[in-house]
Amino acid sequence: MKMHRGVRAGLAAAAAAAVVVLAGCSAAPPPLVPTHSADTGALREAVNARDIMDHLEALQDVADANGGHRAAGSSGYEESARYVEEQLRAAGYNPVRQHFTYRDDGEEVETFNILAETGGSDEHIIVVGGHLDSVRRGPGINDNASGVGAILETALRMADFGIEPTNKVRFAFWGGEEEGLNGSQHYVDELSGSETRQHAVYLNLDMVASPNGVRFVHDGDGSTFGDNAPNGSDEIEDVFVDYFADRGLEVLPTPFEDGDSDYTAFLRAGIPAGGLFTGDAGTKSGAEVQDFGGEAGLEYDSCYHRSCDTIENVDTDLLEDMADALAHATIAFATATPAED
Ligand code: DTR
Ligand code: ZN
Ligand code: ZN
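Reading guide: rules and limits
Residues numbered from 1 in each chain as written. Chains lettered and ligands numbered in written order. Predicted model: local features only at pLDDT ≥ 70, side-chain atom pairs only at ≥ 80, totals over all residues. Heavy atoms only, no water. Donors = N, O, S within 2.8 Å, 3.2 Å for Na, K, Ca; no water. Helix = DSSP H or I, 4+ residues; strand = E, 2+ residues; numbered from the N terminus. Buried < 20%, exposed > 50% of the residue type's maximum accessible area, 1.4 Å probe, protein only. Tetrahedral: all angles 85-135°; square planar, octahedral: opposite > 155°, others 65-115°. Disulfide = S-S within 2.5 Å. Core = buried A, V, L, I, M, F, W, Y, C linked by side-chain atoms within 4.5 Å. Contact = heavy atoms within 4.5 Å. Pairing = 2+ DSSP bridges. Right-handed = clockwise from strand over helix to strand, strands pointing away. Near = heavy atom within 4 Å. Polar contact = N/O pair within 3.5 Å; in protein donor to acceptor, adjacent residues only side chain to side chain. Areas by Shrake-Rupley, 256 points an atom, 1.4 Å probe, with all protein chains shown as cover.

(A) Looking closely at the coordination of the zinc ion (ligand 2). Every protein donor of the zinc ion (ligand 2) is listed here as His131 (NE2), Asp143 (OD), Asp206 (OD) and Asp206 (OD), and their distances to the metal cover 2.0 to 2.8 Å. Considered as a linear motif, the donors of the zinc ion (ligand 2) on their single chain read H-x11-D-x62-D. Taken as an interatomic distance, the gap from the zinc ion (ligand 2) to the zinc ion (ligand 3) is 3.5 Å; aspartate 143 donates to each of them. Of this pair, histidine 131 sits in strand β4 (residues 121–131) while aspartate 206 sits in the loop between β6 (199–205) and β7 (216–218); the two residues are 75 residues apart in sequence, bridging distant segments of the chain. Neither residue differs from the other here; histidine 131 and aspartate 206 are each classed as buried.

(B) A look at the coordination of the zinc ion (ligand 3). Looking at the zinc ion (ligand 3), the protein donor atoms are Asp143 (OD), Glu178 (OE), Glu178 (OE) and His305 (NE2), and they sit 1.9 to 2.4 Å from it. Bound by six donor atoms, the zinc ion (ligand 3) shows angles of 54 to 152° at the metal and therefore irregular coordination geometry. On the basis of relative accessible area, aspartate 143 is assigned to the buried category, the value being 3%.

(C) View of the state of the cysteines. Following the criterion strictly, the structure yields one disulfide and no others. What pairs with cysteine 303 in a disulfide is cysteine 308, and their sulfur atoms sit 2.1 Å apart. On the sign convention where negative means left-handed, the S-S torsion of about -110° between cysteine 303 and cysteine 308 marks this disulfide as left-handed. On the accessibility criterion, cysteine 308 (26% relative accessible area) is partly exposed.

(D) Just the nonpolar core, in detail. Within the largest apolar cluster, 61 residues are counted, with the highest numbers of intra-cluster contacts made by Leu56, Val84, Leu88, Phe171 and Phe173. Per-element accounting of this core gives the leading share, eleven residues, to helix α11 (residues 316–334). Filtering out sequence-adjacent residues up to four positions away, leucine 88 remains in contact with Tyr93, Pro95, Ile114, Ala116, Leu152, Ala155, Leu156 and Phe173. Judged by nonpolar contacts, the second largest core, of 17 residues, contains Ile125, Trp174, Leu191 and Tyr263.

(E) Broad picture of the pairing of strand β5 (residues 167–174). A large share of β5 lies buried, amounting to eight of its eight residues. On β5, burial covers both faces: Asn167, Val169, Phe171 and Phe173 on one face and Lys168, Arg170, Ala172 and Trp174 on the other are all buried. Alignment of strand β3 (residues 107–117) against β5, held across four bridges, turns out to be antiparallel. From the neighbouring strand, leucine 115 faces β5, where its bridge partner is alanine 172. Crossover handedness for the path β4 to helix α5 (residues 141–160) to β5: right-handed.

(F) View of unusual backbone geometry. Going from aspartate 143 to asparagine 144, the amide bond is cis rather than trans, its omega being 5°. Checked against the element boundaries, asparagine 144 lands in helix α5. Even without being a glycine, methionine 207 presents a positive backbone phi close to 70°. Examined against the element boundaries, methionine 207 turns out to sit in the loop between β6 and β7.

(G) Representation of α5. Counting buried positions along α5 yields 18 of 20 residues, so the element is predominantly enclosed. Two residues or fewer after α5 comes glycine 162, characterised by a positive phi angle close to 65°.

(H) Examining the site of ligand 1 more closely. In the vicinity of ligand 1 lie 13 residues, with Glu177, Asp206, Asp260, Tyr304 and His305 positioned nearest. Between histidine 131 and ligand 1, the recorded distance is 3.2 Å, taken from a side-chain N or O atom to an oxygen atom. Aspartate 143 is positioned with one of its side-chain polar atoms (N or O) 3.2 Å from an oxygen atom of ligand 1. Summarising the interface, the protein chains cover 96% of the accessible area of ligand 1, which totals 370 Å² for the free molecule.

Okay, structure coming up:
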């Protein structure tokens, strides 16, 4: 999703004005220092591609039974939501729907996000999110049943282990991403100023099983793309980079393109963000093939936004790598403490 430049300039002006209005209010809280050494072996062992593939198969079946897609506002979205909610309820969560509407091509779309949370203090909230809706052109299995499956499996296995985090973890399944990041924007818009400051970390998963993919980590410290992400986003990048480095797995940084995924609303609100991505319609380079295998000169996901984004369109090894990294980062932040002022 790209934003019109005029809109972007307008938002920049509004943000500049907001700085003036906020002067004198309390500044952003010190970022959390994640527990890099968190012992997540058992949880990662339990989070596996086979079980995630069961979720992807269920979402493929939903699309097949509902005109080939799971787009926001459709019966396929409703059934996808019921599947996710049933899984969460069976594990002991209490998922809630956060309803909202938006306009798409002159039509009003009514849809909702699903939110489910752990116990723990809400002084520092960790949101782990990805979009549940697909485009109308296909079932959206890599984009983004893959992210949903990884997040859901992390939530379910954390519940099995009875993990009671220090910091509350809120799992979010966004609606209406494909028509303008509507669900995540609505969520952030609904936060009061103090609630926004309680949001310590946002982890985004959107497309994490691309069939010709790469392990991308968002450039939270701006060292490669100069992204000016909120203070604390560097810690998120570090957790993922260290995690993969410890396992001898290559990663590449990827920029936070404004308007490309659900991290956008969080970043604009000053909430530290990060996440994982394995590539969309971009082309894999020869250098990337050296580190990640696959085919140079072809798209990371040649079925991106197409009807062939099916259960056949996933790299299960990559999916497991990304899900394990998410499980680790979730615990590293759920057990984190604030940096000294
Ligand atoms: N938001 C996506 C695709 C996408 C494009 N760039 C990025 C970066 C990080 C995650 C996802 C994406 C879609 O849903 O179509
Ligand atoms: Zn997506
Ligand atoms: Zn998409």
